[in-house]
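Okay, here's what each chain looks like letter by letter:
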Amino acid sequence: MPKKEALKDVKLFALDMDGTVYLGNGLIDGALDFIDELRARQKDFIFITNNSSRVPSFYQEKLKKMGCFVEADRIITSGDVTIKYLKTYYPGQSVYLMGTPLLEESFRQHGINLVQEQPDVAVASFDTTLTYQKLEKMCTFILNGAVFLSTHLDLVCPTETGFIPDCGSICALITKSTGVEPKYLGKPFPETMEMILAITGHRKEDVAFVGDRIYTDVATGVNNGGKGFLVLTGETKLGDLKNTEVVPDCVFDSLKEMTSYL
């Protein structure tokens, strides 16, 4: 699809952050100009990240320090999608969360019943405070019958110095140990699209997911009735397109290039 044509009818841009808007603590060149242009053209946007180690208020402050000002309720993480899923399908049930203190606090604030023993549900996330004891508990609880959920399936997280293991890699270890695959949430699964539509009021055909990963960012749009745009500023390189089943609607070098086609 021609790039200008692909962007023409998009009413909501669902923007990934890590590897798309910034790397580490630095904005990617042209990202802020893209957001400013969306505002100037009265195009709606929302940030959606699979990084569940943080919460929307953290990302709001991080973006603010980079000169990008956005309301916290316009930022969604896979942790938020997981909270909504738990409240919908496992209301009141006990949950063991393998996650950061920030994510634990968010779960509690939303009324999730967190426990340390005999949970009904065991949730794995991108836990940058991971210990062997936490892994041992997860595996034990799953083998004892707890439902195994994961906030997202990303294998690595991009940083300024390279890539570090993410939630999908941690879950692979747990699956090897227990023989149990989790139900993954976050991008690219329909629960993420449903949450964004509920928050913004847009229709799925009006939404474009923009990000640096084909199997999460792009696939969320392509597989759920929207569009998926790939940017080459993070994990995915142009050569990777030869080996993917998910085909982006368009590929851009960066958000900076996308700006010229708005």
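The sections below set out a description of the structure shown in this document. Being a predicted model, the structure only gives us computed values, none of them experimental. (Residues numbered from 1 in each chain as written. Predicted model: local features only at pLDDT ≥ 70, side-chain atom pairs only at ≥ 80, totals over all residues. Heavy atoms only, no water.)

The full count for this structure, using the stated rule, is eight aromatic pairs. Ring geometry for Phe 13 versus Phe 34: centroids 5.8 Å apart, planes at 90°, classification edge-to-face. With a gap of 21 residues between them, Phe 13 in strand E1 (residues 12-15) and Phe 34 in helix H2 (residues 31-40) connect regions that are remote in the sequence. Here Phe 13 falls in the buried class, since its relative accessible area comes to 0%. Residue Phe 34 is classed as buried on the basis of its relative accessible area of 0%. Centre to centre, the rings of Tyr 96 and Phe 141 are 5.2 Å apart; their planes meet at 70°, and the pair counts as edge-to-face. (Phe/Tyr/Trp six-rings, centres within 6.5 Å; stacked < 30°, edge-to-face > 60°. Helix = DSSP H or I, 4+ residues; strand = E, 2+ residues; numbered from the N terminus. Buried < 20%, exposed > 50% of the residue type's maximum accessible area, 1.4 Å probe, protein only.)

Turning our eyes to something else, we now look at the pattern of salt bridges. Inspection of every chain in the model, using the stated rule, returns 14 salt bridges. Notably, a salt bridge pairs Lys 187 with Asp 16, separated by 3.1 Å at the nearest N-O pair. You can see Lys 187 sitting in the loop between strand E12 (183-184) and helix H8 (190-200) and its partner Asp 16 sitting in the loop between E1 and strand E2 (22-23), a full 171 residues away along the chain. Pair check on accessibility: Lys 187 and Asp 16 agree, each one buried. Here Lys 187 ties to Asp 217 by a salt bridge, and the two come within 2.5 Å at their closest N and O atoms. (Salt bridge = Lys/Arg side-chain N within 4 Å of Asp/Glu carboxyl O.)

Turning to the sheet that holds strand E6 (residues 94-98), a few remarks are in order. Reading across the sheet, the five strands line up as E7-E6-E8-E9-E12 and stay open at both edges, with parallel pairing between neighbours. Pairing within the sheet leaves two strands with one partner each, and these edge strands are strand E7 (113-114) and E12. Pairing between strand E9 (residues 147-150) and E12: two bridges, direction parallel. Of the residues in E12, the one forming a bridge with Leu 149 is Lys 183. Sheet strands in contact with helix H6 (residues 132-143) are E6, strand E8 (121-124) and E9, and its direction is about 145° off that of E6. Against the sheet, helix H7 (residues 167-178) touches E6, E8, E9 and E12, its axis set at about 160° to E9. (Pairing = 2+ DSSP bridges. Contact = heavy atoms within 4.5 Å. Axes fitted to C-alpha atoms, helices over the stretch in contact; angles between N-to-C directions.)

This part is about the nonpolar core. The biggest cluster of nonpolar side chains holds 29 residues, and the ones touching the most others in it are Phe 13, Phe 34, Phe 47, Leu 63, Phe 229 and Met 258. With four residues, H2 is the single largest residue contributor to this core. Core analysis: the second largest hydrophobic core is formed by 24 residues, Leu 12, Ala 14, Ile 46 and Tyr 85 among them. (Core = buried A, V, L, I, M, F, W, Y, C linked by side-chain atoms within 4.5 Å.)

For Pro 190, the location among the structural elements is in helix H8. On the accessibility criterion, Pro 190 (36% relative accessible area) is partly exposed. Sequence separation between Pro 190 and Cys 68 is 122 residues; the distance between their C-alpha atoms is 28 Å.

Take the side chain of Ser 150 next. Secondary-structure assignment places Ser 150 in strand E9. Look past the residues within four positions of Ser 150 in its chain and what remains in contact with it is Ala 124, Cys 167, Cys 171, Pro 182, Lys 183, Tyr 184 and Leu 185.

With four bridges connecting them, E8 and E9 associate as parallel partners. Bridge assignment links Val 121 to a residue of E9, and that residue is Val 147. Handedness of the β-α-β unit built from E8, H6 and E9 comes out right-handed. (Right-handed = clockwise from strand over helix to strand, strands pointing away.)

With that settled, consider the state of the cysteines. Across all of its chains, the model carries zero disulfides by this definition. Lacking any disulfide linkage, Cys 171 is separated from the closest cysteine sulfur, that of Cys 167, by 4.0 Å. Judged by its relative accessible area of 0%, Cys 171 is buried. (Disulfide = S-S within 2.5 Å.)

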